[in-house]
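Summary of structural features
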Amino acid sequence: MPRNYEIAELKRLDVAHHLPAQQDYKLIEDMGGSRIVTHAEGCYIHDGDGNRILDGMAGLWCVNVGYGRDELVEVAAEQMRELPFYNTFFKTVTPPTVLLAQKIAQHTGGKLQHVFFNASGSEANDTVFRMVRHYWKLKGEPKRTVFISRWNAYHGSTVAGVSLGGMKAMHAQGDLPVPGVEHVRQPYWFGEGFGQDPVQFGKDCAAAIEERILAVGPENVAAFIGEPVQGAGGVIIPPPGYWQEVEAICRKYGILLVADEVICGFGRTGQWFGHQTYGFTPDLVPMAKGLSSGYLPISATAVSSDIVEVLKTGGDFVHGFTYSGHPVAAAVALANIGIIEREGLVERTREDTGPYLARALTRLLAHELVGEVRSIGLLGAVEIVSKKGTNQRWLGAEGNAGPVVRDLCIKNGLMVRGIRDTIVMCPPLIISHQQIDDMVDIIGKSLDEAL
Ligand code: PLP
């Protein structure tokens, strides 16, 4: 049972002292503090006001195995007793770190046989940023420094993460991106290709990458980075064939391909990794979130053997963090992957719950505010429109519809996110059919109330 917290006092202290991530501090103050989430089990979170809320976001796209896994608690406690910390700077390493690297390599497969550890998804992308530029210098092509990314991509909140990402509001704060990052259009059919043939639209979006490569000069381009499915951008599922085109373009110009699997990794799209779902082979794979199901902060960057062979010619790679390969986080991640394997959560997502969610979402298509529903595995989105059969925004210039409907969903017992005019969902991979139905029914009820 949860401890007996003084909720009103915690809210007061939250306003007085705590600066939350990605928030409007004045708004939190006006609200009298954030919602205090006290405990959770399975697919439900509980707040200090006594609400039990179905967690349609798996925390923040991460609690893949659900809440309340005692096994992970035991593993963490045992590892803390045995060895709470040691570093990988002093030509030292700990057993869970090595075993986790091996386990990740087993699931990434192919040439992705090497793993660099970090503590967050942003750091995993910082590692990509520095490793890729270092690699090209060692390869004798020092001009290859430019990264190509997409508008509306999310690659994290550090300087490199924001720069690689394509969120204009984030660029505006901190005068980013850093030089050497180019952004091209995203394969967002509903928002930007509506009315066009989706496959042709995907080809056009891939062609935009090639055009930019030619504009920048192929000899200057280091890598292309993309999320297999853009998560924070609004669960943007690329049209069929898009990734094959992107891969072919990268190979044509000898450009490294980076699949940011921070959300898509560990079963989310119905395979261990999103690039496996879409059938392409990246050279680097940053991952986080589902790696430990959020039980402890840890991330990894999987790297191909070809890149590592080049890095071996360069002496020390002077990059890394105190918590790179943290033994407790690594032990928990290893046990978490063990749960995903043992319970067949990847296969279940691919063959059972993913298709079930896709079918359930189609029930919303009859709603007059719904323009499109889409999903892959257990990642889903509902587009809110003002006029059936169009992609016209519901609130127009007055603001975004997503947050309005999101707030109604939360009131009705479902945590989802509202991104612009889209409701997105990413529930724990243990979600049941009944809970999927509840999720869809609550979204439908909330849309009714929003009318
Ligand atoms: N990359 C992707 C695709 C993400 O979705 C996120 C976070 O949502 C990140 C990177 C950054 O991860 P973190 O918040 O752990 O730094």
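Residues numbered from 1 in each chain as written. Predicted model: local features only at pLDDT ≥ 70, side-chain atom pairs only at ≥ 80, totals over all residues. Heavy atoms only, no water.

1. Comments concerning the sheet that holds strand 15 (residues 422–425)
The strand order across the open sheet built from four strands is 11-12-15-14, with neighbouring strands paired in antiparallel fashion. Of all the strands in the sheet, the pair left with one neighbour each is strand 11 (370–376) and strand 14 (417–419). Taken over all neighbouring pairs, the strand axes of this sheet differ in orientation by 20° on average, direction set aside. Bridging between strand 11 and strand 12 (residues 379–384) involves six bridges; their strand directions are antiparallel. Across the sheet, the residue bridging to Arg374 is Ala381, located in strand 12. (Pairing = 2+ DSSP bridges. Helix = DSSP H or I, 4+ residues; strand = E, 2+ residues; numbered from the N terminus. Axes fitted to C-alpha atoms, helices over the stretch in contact; angles between N-to-C directions.)

2. Some points on the pattern of salt bridges
In the structure shown here, the tally under the stated rule is 22 salt bridges. The partner of Glu9 in a salt bridge is Arg12, with the nearest N and O atoms 3.0 Å apart. Residue Glu9 and its partner Arg12 are located together in helix 1 (residues 7–17), separated by three residues, close to a single helical turn. On the accessibility criterion, Arg12 (48% relative accessible area) is partly exposed. A salt bridge links Arg406 to Asp407, with the shortest nitrogen-to-oxygen separation between them at 3.0 Å. Residue Arg406 is classed as partly exposed on the basis of its relative accessible area, which comes to 26%. When salt bridges that share partners are traced, they join Arg363, Asp437 and Asp441 into one network. (Salt bridge = Lys/Arg side-chain N within 4 Å of Asp/Glu carboxyl O. Buried < 20%, exposed > 50% of the residue type's maximum accessible area, 1.4 Å probe, protein only.)

3. Side note on the site of the ligand
Around the ligand lies a shell formed by Ser120, Gly121, Ser122, Asn125, Tyr154, His155, Gly156, Glu227, Asp260, Val262, Ile263 and Lys289. With respect to the ligand, the side chain of Asp260 contributes an N or O atom lying 2.8 Å from a nitrogen atom. Against a free-state accessible area of 390 Å², the protein chains account for coverage of 84% of the ligand. In terms of residue class, the shell around the ligand is made up of three nonpolar, six polar and three charged. (Near = heavy atom within 4 Å. Polar contact = N/O pair within 3.5 Å; in protein donor to acceptor, adjacent residues only side chain to side chain. Areas by Shrake-Rupley, 256 points an atom, 1.4 Å probe, with all protein chains shown as cover. Nonpolar A, V, L, I, M, F, W, Y, C, P; charged D, E, K, R; others polar.)

4. Let's talk about the confidence of the model for the protein
On average, residues of the protein score 97 in pLDDT, and 99% of them reach the 70 mark or higher. Scored as a whole, the predicted complex attains pTM 0.98, and scored at its interfaces, ipTM 1.00. (pLDDT = per-residue confidence, 0-100.)

5. Focus on the packing of helix 15 (residues 345–362) against helix 17 (residues 433–450)
Orientation of helix 15 relative to helix 17, taken along the N-to-C sense of each, is 30°, at an axis distance of 10 Å. Viewed along their axes, helix 15 and helix 17 adopt a mutual orientation that is roughly parallel. Between helix 15 and helix 17 lies a crossing whose hand is right-handed. Counted together, Asp352, Thr353, Tyr356, Leu357, Ala360 and Leu361 of helix 15 and His433, Ile436, Asp437, Met439 and Val440 of helix 17 form the full contact between these two elements. Classifying every residue of the contact of helix 15 with helix 17 by side-chain character gives seven nonpolar, two polar and two charged. (Parallel < 35°, antiparallel > 145°, perpendicular 65-115°, else oblique. Left-handed = near helix turned anticlockwise from the far one by under 90°. Contact = heavy atoms within 4.5 Å.)

6. Re the packing of aromatic side chains
A complete count under the given rule lists twelve aromatic pairs for this structure. Geometrically, the ring pair formed by Phe129 and Phe147 is stacked, given 4.8 Å between the ring centres and 10° between the ring planes. Here Phe147 lies in strand 5 (residues 146–150) and Phe129 lies in helix 6 (residues 121–138), a separation of 18 residues in the sequence. Across this residue pair, the class does not change: Phe129 and Phe147 are buried. Ring centres 4.9 Å apart and planes at 70° place the aromatic pair Tyr135 and Trp136 in the edge-to-face group. Tyr135 sits in the buried class, given a relative accessible area of 7%. In this structure Trp136 comes out as buried when scored by relative accessible area, which is 3%. Following the ring pairs from residue to residue traces out a cluster consisting of Phe224, Tyr242, Trp243 and Phe280. (Phe/Tyr/Trp six-rings, centres within 6.5 Å; stacked < 30°, edge-to-face > 60°.)

7. Quick word on the nonpolar core
Among the nonpolar cores identified, the biggest contains 60 residues, and Leu100 and Leu291 are the most heavily contacted of them. Sort the elements by how many residues they give to this core and helix 14 (residues 327–342) lands first, with nine residues. Ignoring any residue separated from it by four or fewer positions in sequence, one finds Leu291 in contact with Leu100, Ile104, Phe266, Ile298, Ser299, Ala300, Ala333, Asn336 and Ile337. Formed by 34 residues, the second largest nonpolar core is a distinct cluster that contains Ile148, Cys205, Val229 and Leu257. (Core = buried A, V, L, I, M, F, W, Y, C linked by side-chain atoms within 4.5 Å.)

8. Quick word on the pairing of strand 11
Every regular strand shows the same layout, with side chains that alternate between the two sheet faces. When you tally the buried positions in strand 11, you get five out of seven residues, the bulk of the element. Between strand 11 and the antiparallel strand that follows it, strand 12, lie two residues; Gly377 among them carries a positive phi value of about 55°.

9. Some remarks on the sheet that holds strand 2 (residues 44–47)
The strand order 1-2-3-13 describes an open sheet built from four strands, whose pairing is mixed. At either end of the open sheet lies a strand with only one pairing partner, and these are strand 1 (37–41) and strand 13 (414–415). Examined bridge by bridge, strand 2 and strand 3 (residues 52–55) share three bridges and lie antiparallel to one another. Across the sheet, His46 pairs through a bridge with Arg52, a residue of strand 3.

10. Here's the deal with the packing of helix 16 (residues 401–411) against helix 17
Packed helices, taken two at a time, are described by the angle between their axes plus the distance between the axes. Relative orientation of the contacting elements helix 16 and helix 17 amounts to 120°, with a least axis distance of 9 Å. In terms of axis orientation, helix 16 runs oblique to helix 17. Crossing of helix 16 over helix 17 shows right-handed handedness. Two secondary-structure elements touch here, helix 16 through Val405, Leu408, Cys409 and Lys411 and helix 17 through Ile442, Ile443, Ser446, Leu447, Glu449 and Ala450.

11. Some details on the pairing of strand 2
Burial of the side chains of strand 2 extends over both faces: Tyr44 and His46 are buried on one face and Ile45 and Asp47 on the other. Here four bridges tie strand 1 to strand 2, and the two strands are oriented antiparallel to one another. In the sheet register, Glu41 faces strand 2, and the bridge partner there is Tyr44. Between the end of strand 1 and the start of strand 2, which pair antiparallel, lie two residues, with Gly42 showing a positive phi angle near 55°.

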